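# Architecture at a glance
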Amino acid sequence: MSETVLQLKDATIYQGESMVLANVNFEMQKGDFVYLIGKTGSGKSSFMKTLYGDLELTKGKGSIVNFNLNGLKEKDIPFLRRKLGIVFQDFKLLPDRTIKQNLAFVLKATGWTDKGKIALRIDEVLDKVAMKTKGFKFPHELSGGEQQRVAIARALLNDPELILADEPTGNLDPQTSIEVMELLLDINKNGNTILMATHDYALLLKYPSKTLKCDENKVFEVVQRKS
Ligand SMILES: Nc1ncnc2c1ncn2[C@@H]1O[C@H](COP(=O)(O)OP(=O)(O)OP(=O)(O)O)[C@@H](O)[C@H]1O
């Protein structure tokens, strides 16, 4: 039986007073891999921000991983984010700590206290992204692709029900983008649900999947044509 992890009904997304996307209707099921595309300024990041509670949903309905986006309270946002894994273009690793310390920081902030369990979980997620041997390094000692792998490991720490990746390959060269993309697809094959905003059409062509497009304040599904 399919399980809905995200549902938007006639959702309108605003940045301040200005309307970015109108009447969005969209559903994601557990296990899906969905691209969100659209040119610069078309609203991809605003869409993502609404999903992780950074922008308020004031018009239309929305629910994500069993949280109601309507009237979401400030105090609920950390709990929502615990069920989401969020990956950004610029990695957002803490520069003054090693990779393991970065990951431990997140686990401690989300209620983990047992040192043994923390160490084990960190090893598990670093293993998933093939970075187990680099845990002692600082972010600046890693390449962009490696930093993004660590950011993906960080997103996996709390077994998220949905991963939101906003331009995860935006700062990477084409070959590294492919490697990171293959990692995300691997994670998806292992059962994780992923929504990925991108403007990298080469990836879309190479790895076709369900695709949503933001254009002229609307979001619609596009059908990829085989070339
Ligand atoms: N913090 C903000 N305050 C006001 N308007 C904003 C803010 N952030 C974005 N916008 C506006 O909202 C619209 C959508 O921007 P958004 O960043 O969601 O687009 P995007 O598709 O993610 O673009 P990009 O690919 O460049 O990241 C744009 O017109 C932008 O100028």
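You'll find the structure just up there.
This one's a predicted model, so the numbers in the text were calculated from it and none came from an experiment.

How each quantity is defined
Residues numbered from 1 in each chain as written. Predicted model: local features only at pLDDT ≥ 70, side-chain atom pairs only at ≥ 80, totals over all residues. Pairing = 2+ DSSP bridges. Helix = DSSP H or I, 4+ residues; strand = E, 2+ residues; numbered from the N terminus. Axes fitted to C-alpha atoms, helices over the stretch in contact; angles between N-to-C directions. Buried ≥ 20, exposed ≤ 12 C-beta atoms within 10 Å, placed from the backbone. Right-handed = clockwise from strand over helix to strand, strands pointing away. Near = placed C-beta within 6 Å. Nonpolar A, V, L, I, M, F, W, Y, C, P; charged D, E, K, R; others polar.

Our next topic: the sheet that holds strand E7 (residues 162–166). Within a sheet, each strand pairs with its neighbour through backbone hydrogen bonds, oriented either parallel or antiparallel. Sheet architecture is open: six strands sit in the order E6-E7-E8-E3-E9-E10, paired in mixed fashion. In the strand order of this sheet, the two ends are held by strand E6 (84–88) and strand E10 (218–222), each with one partner. Within this sheet the neighbouring strands show an average axis-to-axis angle of 20 degrees, counted without direction. Sheet topology places E7 next to strand E8 (residues 194–197); four bridges connect them, and they run parallel. Among the inter-strand pairings, Leu164 is bridged to a residue of E8, identified as Leu195.

Here the focus is the pairing of E7. In terms of burial, E7 is a largely internal element, five of the five residues being buried. Pairing of E6 with E7, which is carried by five bridges, proceeds in the parallel orientation. Paired with Phe88 across the strands is Asp166, a residue of E7. Crossover connection from E7 via helix H6 (residues 174–189) to parallel E8: handedness right-handed.

Moving on, we get to the site of the ligand. For the ligand, the set of nearby residues contains 13 residues, the closest of which are Gln15, Thr40, Lys44, Ser45 and Ser46. For the shell around the ligand, the leading source of residues is helix H1 (residues 44–51), giving three residues. Residue classes in the shell around the ligand are distributed as two nonpolar, 10 polar and one charged.

Moving on: the sheet that holds strand E4 (residues 59–64). Sheet architecture is open: four strands sit in the order E2-E1-E4-E5, paired in antiparallel fashion. Strand pairing shows two members of the sheet lacking a second neighbour, strand E2 (18–29) and strand E5 (67–68), which therefore form its edges. Direction of pairing for strand E1 (residues 4–15) relative to E2: antiparallel, over a ladder of eight bridges. Directly across from Gln15, in E2, lies its bridge partner Ser18.

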